[in-house]
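What follows is each chain in one-letter form.
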Amino acid sequence: MSSPSAAVATKTQLAHVAFSSEASYFVACRASGLRVYSCDKLVELVYYRCNVVTGDEVTCAELLTESNLASVIRTPNAADGAADVYRVHFMELQRKETKEKQIKTTVAFKTLGTPGLGAVGGVRLLGDHMLVAGEKKAVLVVNGNGDPQDKDERTTGPNPLGLCALAIDQGTLVYALPRGEKGAVQVCRSGSRPDSVDVHAHDSSLACIALSGDGRLLATAGSKGTLVRIFSTHDGSKLQEEYVLLNFVG
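Residues numbered from 1 in each chain as written. Predicted model: local features only at pLDDT ≥ 70, side-chain atom pairs only at ≥ 80, totals over all residues. Heavy atoms only, no water.

Caption draft 1: Molecular detail of the overall build of the protein. In terms of regular secondary structure, the protein is built from zero helices and 20 strands. Counting all 250 residues of the protein, 46% fall into the buried class. Long-range contacts, defined as pairs at least 24 residues apart, comprise 35% of the intrachain contacts of the protein with a sequence gap of at least 6. (Helix = DSSP H or I, 4+ residues; strand = E, 2+ residues; numbered from the N terminus. Buried < 20%, exposed > 50% of the residue type's maximum accessible area, 1.4 Å probe, protein only. Contact = heavy atoms within 4.5 Å.)

So, in structure tokens, the structure goes:
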């Protein structure tokens, strides 16, 4: 299961970690910036630092490949009582060897505004698609011709953890988001009718959701931390249930 982004507490505290689709690289985020590493030799490939003048902070990031990632940036709003501004940077990294045999990295940005989403806590990448999860809404974005464009918006209800998942099932895009009801998940299929299946997963609030690589299975965990359940994404039926044994040291 992919872990949800945590609230950014300090500039030095680790906020989020995510692996690339083939698990060869990972991105580690602090509020002050992000770094991309190779899993093979734990070599740092990229370091991106936020704009300290505007007070920008990274809340989470998602790595598609070594050179393609998306990061969520929060900019504090100086106006009294005004909400902070969130936007998604779609970043393309280009690494070239200089004449001095050093590797120079340049970053090309495309920016997606997130009006109406509130605080953005999660982002997922798959091919040309990006799923962005806000407080009460989520939007599925297609990065057509390098320019992010809105494709589909869904109401999720409260989603402070930015829970979301994205996969593909025989050419059909599948994505999972919380519903307004406590412990419920909506599994959506792009271009299909019906285009969503409701799954009543837990009596408690959701703590984590994940899709299998082929988009046919949904795994969920509740906030009680005692159960992991697996459902069919086609009809929402429960296929498996596993109890989690918790060891407390006191």
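On we go from here.
Caption draft 2: Summary view of the packing of aromatic side chains. All told, the structure shown has two aromatic pairs when counted by the stated rule. Centroid distance Phe19 to Phe26: 5.8 Å. Interplanar angle 50°. Geometry classified as tilted. Where Phe26 meets Tyr37, the ring centres are 5.2 Å apart and the plane angle is 20°; that geometry is what we call stacked. A residue pair is termed long-range when its members are at least 10 positions apart, and Phe26 in strand β2 (residues 25-30) and Tyr37 in strand β3 (residues 33-38) qualify at 11 residues. By the burial criterion, Phe26 is buried, and Tyr37 matches it. Grouping aromatic residues by their ring pairs yields a cluster made of Phe19, Phe26 and Tyr37. (Phe/Tyr/Trp six-rings, centres within 6.5 Å; stacked < 30°, edge-to-face > 60°.)

Caption draft 3: Region of interest: unusual backbone geometry. A positive phi angle, close to 50°, is found at Leu42, a residue other than glycine. Mapped onto the elements of the fold, Leu42 is located in the loop between β3 and β4 (44-49). Note on Leu42: relative accessible area 60%, which makes it exposed.

Caption draft 4: Focus on the sheet that holds strand β14 (residues 172-178). Reading across the sheet, the four strands line up as β13-β14-β15-β16 and stay open at both edges, with antiparallel pairing between neighbours. A single partner strand is all that each edge strand has here, and the edge strands are β13 (165-169) and β16 (196-200). Shown here is a sheet whose adjacent strand axes are inclined to one another by a mean of 20°, direction ignored. In the sheet, β13 pairs with β14 via five bridges, with the strands oriented antiparallel. When the bridges of β14 are listed, Ile168 appears paired with Leu173. (Pairing = 2+ DSSP bridges. Axes fitted to C-alpha atoms, helices over the stretch in contact; angles between N-to-C directions.)

Caption draft 5: Inspection of the environment of Phe109 at higher detail. Turning to its location among the elements, Phe109 is positioned in strand β8 (residues 103-113). Not counting residues up to four positions away in its chain, the partners in contact with Phe109 are Tyr48, His89, Phe90 and Met91.

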